[in-house]
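Below, each chain spelled out in residue letters.
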Amino acid sequence: MPPTLASLVHHSALKLTVRAGEDRLDVPVRWAHVSELADPVPYMEGGELLLITALKLDAADPEAMHRYVKRLAGAGVVGLGFAVGVNYDDIPEALVEAARAEGLPLLEVPRRTPFLAISKAVSAAIAADQYRAVTAGFAAQRELTRRALTDGPEGLLASLAAQVDGWAALYDASGAVVAAAPEWAGRRAARLTADVQRLRERAAPASSVVGGGESPDHPENADRVELHSLGTSRRPRSALAVGTAAALGTAERYAVHSAIALLTLTTERSRSLHEAEQRIDEAVLRMLLAGEPDHARTVAGDLYGGLLDAPFRIIVAEPASASAARAHAATHPRGPAPASRPTSRPTAAALAAADTDGDPLGALAEVVESAAARSGEAVLVVPEGERLVALARDGGAAVAACVEYASALETARPEPGAGGDEEGLVVGLSAPSGPIAASAAYKQAEQALSVARRRGRVCVEHEHLAAGSVLPLLADDAVRAFADGLLRALRDHDATGRGDLVASLRAWLSRHGQWDAAAADLGVHRHTLRYRMRRVEEILGRSLDDPDVRMELWLALKATSSD
């Protein structure tokens, strides 16, 4: 504890006597300062014990003393020490009354006690308090390190909460609570998600203080909470919250700083280890796509738990911007050849975290990895240039977070033509698969990605493609161009007024080649319809007996049905 007026009064060598402010002696003293100025306030910082002999004061003037003491109290001076037997034999009553009126403690300093002795006592007490704080800080650091090594982040948080006599919580990059101590603190910590997300928008290291005010509706939120970002990258990967009833002391501050360092070490891996894991990720995915699941399991070992033994899904994502798509098409020919490195981490908990910060693939990787980490799942994430490939457990939190994140992006995306979608995403998900069929799952994810891009969607799942109609897939410029070219000769013929060949062809195909039914639909004789179909064959130079020709003509008619 820092020195207080009470500790100085009880100091046997100082012989101080309290003349006013007896009920305010527990206030800490930051320093003892001697000043005989008539107005020393400009040189005060607050928290001082001011020592005077009234050399330049008319201490017997009640009005002057009232102004003097009022100024001192307003400047944060915590006490006034008056030396008797120097300029006054006793403390003038005017000064005593003024101190009582302002509630400012007034201490009588006997003639045999030099001001230097009081300054030394305050200095020694401050130094002792700082030494105790440093010693306690080192002890806290040792205990926090021990708990971090034996019990992980959860043990560290429990020790930190005990050190600061409060609570502590760890968040992932989305603001979701990963761990908290004591157990009840999880509910309090969850209310700070928005504050953690705002902290994440600032470059690391960053900190902020929230709470600390009385709330009649929520008295449990009246504590003072410090938020600290964790990590060395520009966008922090996680955050620490420390809640206490009052501002942290020196010893508690040491403990918090130690916890920040230890948690940073546990959340930030060394560059060499990170790069080694990247190479393993790449190798495992390559082996899976090459049809070598046994080799992939051997290389992975226990790194991915049971991920390679359970049904999984492959996620393929690309930026939505056309320029990024062209860059990808120019440098990455189609085919299962993923490679490169995993990235960092945000999350999809809500779309407050859907800020891509100009890196949509990095944001998606963060979403998937954070969700997997919270649920204890293994996940494999490998970026390859302008593409991100992920392998996650079917039905797990990572896949669900990916779909949720894509849905949130779809909801938040601007209207067509409004701009601002350059940093969007296009995501394709394969159907559930196993290691033996990983290559097929990768192709499924690519197909779903292509459909998503053509439909203007953020995310398409491959298993949903067969659930609807194939007709929406025809809404493509290349398909329409093919359809227009195939039917152009027939439309040119109809434009001359020599017969409605296009309508007749549509009716005949829709009736599966049944002449009477199709002729009835058109209101013509079946011989007329037969003649028209021969003209179609002559103009197109193709036989309607060929099922492939009939299929192409029907799809062409459907693709241009809105014309």
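Note that this is a predicted model, so its numbers are computed, not measured.

Asker: Can you walk me through the overall build of the protein in this structure?
Answerer: A count of helical and extended segments in the protein gives 19 helices and 15 strands. Across the 563 residues of the protein, 45% fall into the buried class. If you take every contact in the protein between residues at least 6 apart in sequence, the share linking residues at least 24 apart comes to 64%. Summed over all atoms, the accessible surface of the protein reaches about 27400 Å², with 53% contributed by carbon and sulfur.

Asker: Can you walk me through the environment of Ala 169 in this structure?
Answerer: Relative to the elements of secondary structure, Ala 169 occurs in strand β6 (residues 167-172). Residue classification places Ala 169 among the buried residues on the basis of a relative accessible area of 0%. Along the sequence, Ala 169 and Gly 186 sit 17 residues apart, while their C-alpha atoms lie 7.2 Å from each other. Excluding residues that lie within four positions of it along the chain, Ala 169 makes contacts with Leu 157, Ala 179, Ala 180, Ala 189, Ala 239, Leu 240 and Ala 241.

Asker: Can you walk me through the confidence of the model for the protein in this structure?
Answerer: A low pLDDT means the predicted coordinates there should not be read in detail. Residues with a pLDDT of 70 or more make up 85% of the protein, whose mean pLDDT is 82. In this model residues 213-218 is a low-confidence stretch, pLDDT under 50, and it forms three contacts with partners more than four residues away in sequence or in other chains. In the predicted structure, residues 322-356 sits below a pLDDT of 50 and forms 93 contacts with residues beyond four places in sequence or in another chain.

Asker: I would appreciate a short explanation of the environment of Glu 377 in the present structure.
Answerer: Residue position: Glu 377 is located in the loop between α11 (360-375) and β12 (379-384). For Glu 377, the contacting residues outside a window of four places in its chain are Ala 372, Arg 393, Gly 396, Ala 397 and Ala 398. There is a polar contact of 3.2 Å between the side chain of Glu 377 and the side chain of Arg 393.

Asker: Explanation requested: the environment of Ala 408 in the structure shown.
Answerer: In this structure, Ala 408 sits in helix α12 (residues 397-412). Sequence separation between Ala 408 and Val 458 is 50 residues; the distance between their C-alpha atoms is 9.5 Å.

Asker: When you look at the pattern of salt bridges in this model, what are you seeing that I'm missing?
Answerer: Note that side chains of opposite charge can pair when their charged atoms are close. The tally for this structure, following the rule as stated, stands at 27 salt bridges. The closest approach of N and O atoms between Arg 147 and Asp 151, which form a salt bridge, is 2.8 Å. With Arg 147 and Asp 151 both in helix α4 (residues 115-164) and four residues apart, the pair spans about one turn of that helix. Asp 151 gets classed as partly exposed once you look at its relative accessible area, which sits at 40%. Ionic pairing is found between Arg 297 and Asp 294, a salt bridge with its closest N-O pair at 3.3 Å. Of this pair, Arg 297 and Asp 294 both sit in helix α9 (residues 293-300), three residues apart, which is roughly one turn of the helix. Owing to a relative accessible area of 54%, Asp 294 belongs among the exposed residues under this scheme. Sharing partners across several salt bridges, the network here consists of Glu 318, Arg 387, Glu 446 and Arg 453.

Asker: Whenever I open this one, helix α6 (residues 193-200) confuses me. Can you help?
Answerer: One full turn of an α-helix is made of 3.6 residues, so residues set three or four places apart face in the same direction. Of the residues making up α6, those classed as buried are Asp 195, Val 196, Gln 197, Leu 199 and Arg 200. The inward-facing, buried residues of α6 abut β6, β8 (207-211), β9 (224-230), β10 (238-244) and α11.

Asker: Even after reading the chapter, I still don't get the sheet that holds strand β2 (residues 31-34), so can you show me in this structure?
Answerer: Remark on secondary structure: sheet strands pair via backbone hydrogen bonds, oriented parallel or antiparallel. Strands sit in the order β1-β5-β4-β3-β2 across an open sheet of five strands; the sheet is mixed. Every interior strand has two partners, whereas the edge strands, β1 (17-20) and β2, have only one. In this sheet, adjacent strand axes meet at a mean angle of 30° when their direction is disregarded. Taken together, the three bridges between β1 and strand β5 (residues 106-109) define a ladder with antiparallel strand orientation. Across the sheet, residue Val 18 finds its bridge partner in β5, namely Leu 107. Running at roughly 75° to β1, helix α3 (residues 93-102) makes contact with β1, β4 (79-83) and β5 of the sheet.

Asker: What exactly am I supposed to notice about the sheet that holds strand β13 (residues 387-393) here?
Answerer: Read across the sheet, five strands follow the order β12-β13-β11-β14-β15 without closing on themselves; strand pairing throughout is mixed. Each having just a single partner strand, β12 and β15 (459-461) make up the two edges of the open sheet. Averaged over neighbouring strand pairs, the angle between their axes works out to 15° when direction is ignored. Relative to β15, strand β14 (residues 425-429) runs parallel, the two being bridged by three bridges. Residue pairing for β15: Val 427 is matched across the bridge by Cys 459. Strands β11 (312-319), β13, β14 and β15 of the sheet are contacted by α12, whose axis makes an angle of about 145° with β14.

Asker: Looking at this structure, I do not really get unusual backbone geometry. What am I missing?
Answerer: The bulk of non-glycine residues show a negative phi, and the bulk of peptide bonds are trans. Here the amide bond leading from Ala 181 into Pro 182 is cis, since omega sits at -10°, within 30 degrees of zero. When you line up the elements, Pro 182 lands in the loop between β7 (177-181) and α5 (185-190). The phi torsion at Asp 165 lies on the positive side, around 55°, for a residue other than glycine. Mapping Asp 165 onto the fold places it in the loop between α4 and β6. Accessibility expressed as a relative area gives 69% for Asp 165, which makes it exposed.

Asker: Please explain the pairing of β11 as it appears in this structure.
Answerer: On a regular strand, one side chain projects to one face of the sheet and the next to the other, so that they alternate. Across the eight residues of β11, eight count as buried, placing the element largely inside the fold. Neither face of β11 is exposed, since Phe 312, Ile 314, Val 316 and Glu 318 on one face and Arg 313, Ile 315, Ala 317 and Pro 319 on the opposite face are all buried. With six bridges connecting them, β11 and β13 associate as antiparallel partners. Considered in β13, the bridge of Ile 314 is made with Leu 391. Examined bridge by bridge, β11 and β14 share five bridges and lie antiparallel to one another. By the bridge assignment, Val 316 is partnered in β14 with Gly 428.

Conventions adopted
Residues numbered from 1 in each chain as written. Predicted model: local features only at pLDDT ≥ 70, side-chain atom pairs only at ≥ 80, totals over all residues. Heavy atoms only, no water. Helix = DSSP H or I, 4+ residues; strand = E, 2+ residues; numbered from the N terminus. Buried < 20%, exposed > 50% of the residue type's maximum accessible area, 1.4 Å probe, protein only. Contact = heavy atoms within 4.5 Å. Areas by Shrake-Rupley, 256 points an atom, 1.4 Å probe, with all protein chains shown as cover. pLDDT = per-residue confidence, 0-100. Polar contact = N/O pair within 3.5 Å; in protein donor to acceptor, adjacent residues only side chain to side chain. Salt bridge = Lys/Arg side-chain N within 4 Å of Asp/Glu carboxyl O. Pairing = 2+ DSSP bridges. Axes fitted to C-alpha atoms, helices over the stretch in contact; angles between N-to-C directions.

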